[in-house]
Amino acid sequence: MTVITAPVTAPNAARTGVLIMLLGMLMFSLNDVMGKWLVATYSVSQLMVIRSVAALLFLSPFILRRGLRSMFKVERPGLQALRSLLFAIDASAFYFAVAYMPLADTMTYWLAAPIYVAAASPFLLGEKVGWRRWTAILVGFAGVLIALEPSKESFSLPALIALAGSAAFAFALMLGRTLRSTPDTTLVFWQIVGALIFSLVGVAANPSGWAPVDGGALLQLGMLGIVAMLAHILVNRSLKLADAATVVPLQYTLLFWAVVFGWVFFGDTPRPTVIIGAALIVASGLFIFFREQQLKKRQAKS
């Protein structure tokens, strides 16, 4: 799955990767804005069904190029199914939470996912975590608590669903580490299929929640899936052009766009505690990431 087909010269590859990652994050942010706007009219399940169908149609040329049969030749089907379910929960929870919460608040909880991964990896993946990363993990969790402002009022259903969704996202990322040999197209295909099945169950459970859709609304809902797919493709391409250490930290620009778009389109102003908590989460996530990169380099030399 690629976006740029022309060869990129080595000196310019990293710069191109940075630009593509920044564009990918902008596309993800636009997906968030569109989702927040659309869930004001349509249920999360209906949005997810149409979004998933549009994404599958967009992905179909890549699937046909690899061959449809290859999509069903997967390693560890049980883990693939669990990963798809977790991503479906992640996306559904995000759209539900963002319908009731400011974009910046919701994004802050999702940016904590790498911290959850780092905290759980010693127990689920057998990875060694030293005191430095444990300190960063604790700082990150402190950031989540500050942003949440624990109280009877703050533990609302949308906030709890946001935390559950970000945790589902984190566990899906961990499963991705164990399925590294699976091609990107196959992973994305089953991720979309899982979301479609999950959302169809939601529609069947509440058929009255399906609102009438005219041509314009169908186009808008379909664009949601296409924008998300383009964002995934751009991120994958960026990681092929530049080192992860160069482009992965740029994913935190999602928070910047969440603040800007939340203010411009919805009149949201981030609470001071959200800004402080987000700063701690970003600092913690960056430390964990660069620490992991440093340890990988040491292992490669030894």
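Throughout, a residue's number is its position along its own chain's written sequence, starting from 1. At least 70 in pLDDT is required for a residue's local features to be given in this predicted model, at least 80 for side-chain atom pairs to be given and counted, and no such filter applies to totals for whole chains, interfaces and linings, which use all residues. As a convention, hydrogens and water are excluded, and side-chain values are obtained from all of the structure's heavy atoms.

Participant: I'd like to hear about the pattern of salt bridges, residue by residue, with values.
Facilitator: Here, a salt bridge means any Lys or Arg side-chain nitrogen found within 4 Å of an Asp or Glu carboxyl oxygen. Applying the stated rule across the entire model yields 1 salt bridge. Here Asp105 makes a salt bridge to Arg271, at a shortest N to O gap of 2.6 Å. Of this pair, Asp105 sits in helix α4 (residues 103-110) while Arg271 sits in the loop between α11 (253-266) and α12 (272-301), placing them 166 residues apart in sequence. The buried category is assigned to Asp105, whose relative accessible area is 6%. Numbering goes from the N terminus for both helices and strands, where a helix is a DSSP run of H or I of at least four residues and a strand is a run of E of at least two. Categorising residues by exposure relies on relative accessible area from a 1.4 Å probe, with only protein chains included: less than 20% of the type maximum marks a residue as buried, more than 50% marks it as exposed, and the intermediate range marks it as partly exposed.

Participant: I'd love a proper account of the confidence of the model for the chain, names of residues and values included.
Facilitator: Per-residue confidence from the predictor is given as pLDDT, running between 0 and 100. Here the chain averages 84 in pLDDT, while 93% of its residues score no lower than 70. Note on residues 1-10: pLDDT under 50 across the span, and 22 contacts to partners over four residues away in sequence or across chains. Any pair of residues with heavy atoms lying within 4.5 Å of one another is described as a contacting pair.

Participant: Account for the packing of aromatic side chains, naming residues and giving values.
Facilitator: Each aromatic ring pair is summarised here by two numbers: the centre-to-centre distance and the angle between the ring planes. Centres within 6.5 Å make a pair out of two Phe, Tyr or Trp rings, where for Trp the six-membered ring is used; the pair is then stacked when the planes are under 30 degrees apart, edge-to-face when over 60, and tilted otherwise. For the coordinates displayed, the defined rule picks out 12 aromatic pairs. Taking 6.4 Å as the distance between ring centres and 70° as the angle between the ring planes, the aromatic pair formed by Phe72 and Phe189 counts as edge-to-face. One end of the pair, Phe72, is in the loop between α2 (44-66) and α3 (77-100); the other, Phe189, is in helix α8 (residues 184-205), and 117 residues separate them in sequence. Seen from their ring centres, Phe189 and Trp190 are 5.0 Å apart, and the 80° between their planes marks the pair as edge-to-face. Distance and angle both matter: a charge sits over a ring if NZ of Lys or CZ of Arg is within 6 Å of the ring centre and within 35 degrees of the ring normal. Lying over the aromatic face of Phe266, Lys36 brings its terminal NZ or CZ to 5.1 Å of the ring centre.

Participant: Tell me about a nonpolar patch on the surface, residues and numbers included.
Facilitator: Candidate patch residues must exceed 30% relative accessible area and have no salt bridge, after which like charges are joined if within 9 Å and Val, Leu, Ile, Met, Phe, Trp or Tyr side chains if within 5 Å. Per-residue accessibility takes into account occlusion by the displayed protein chains alone, with areas from the Shrake-Rupley method and a 1.4 Å probe. On the surface, a nonpolar cluster with roughly 440 Å² of combined accessible area is contributed by Phe123, Leu124, Trp134 and Phe171. When you line up the elements, Trp134 lands in helix α6 (residues 131-148).

Participant: A description of empty space enclosed by the protein should follow, citing residues and the corresponding values.
Facilitator: Here a cavity denotes grid points, spaced 1 Å and computed from the protein atoms alone, that fit a 1.4 Å probe unable to get out, and a pocket denotes an open set having protein on both sides within 12 Å along at least 5 of 7 lines; residues with an atom within 4 Å of a point are the lining. Grid points are joined across faces, edges and corners, and a volume is the space filled by probe spheres set on the points. In this structure the tally under the stated criterion is 1 cavity of 30 Å³ or more. Around the largest cavity, the lining residues are Pro102, Leu103, Ala104, Asp105, Ala258, Val259, Gly262, Trp263, Asp268, Thr269 and Pro270. Elements supplying a minimum of two residues to the lining of the largest cavity: α4 and α11. Each residue is assigned to one of three groups, with Ala, Val, Leu, Ile, Met, Phe, Trp, Tyr, Cys and Pro labelled nonpolar, Asp, Glu, Lys and Arg labelled charged, and all others, Gly among them, labelled polar. Each residue belonging to the lining of the largest cavity can be placed in one class, and the counts come to 7 nonpolar, 2 polar and 2 charged.

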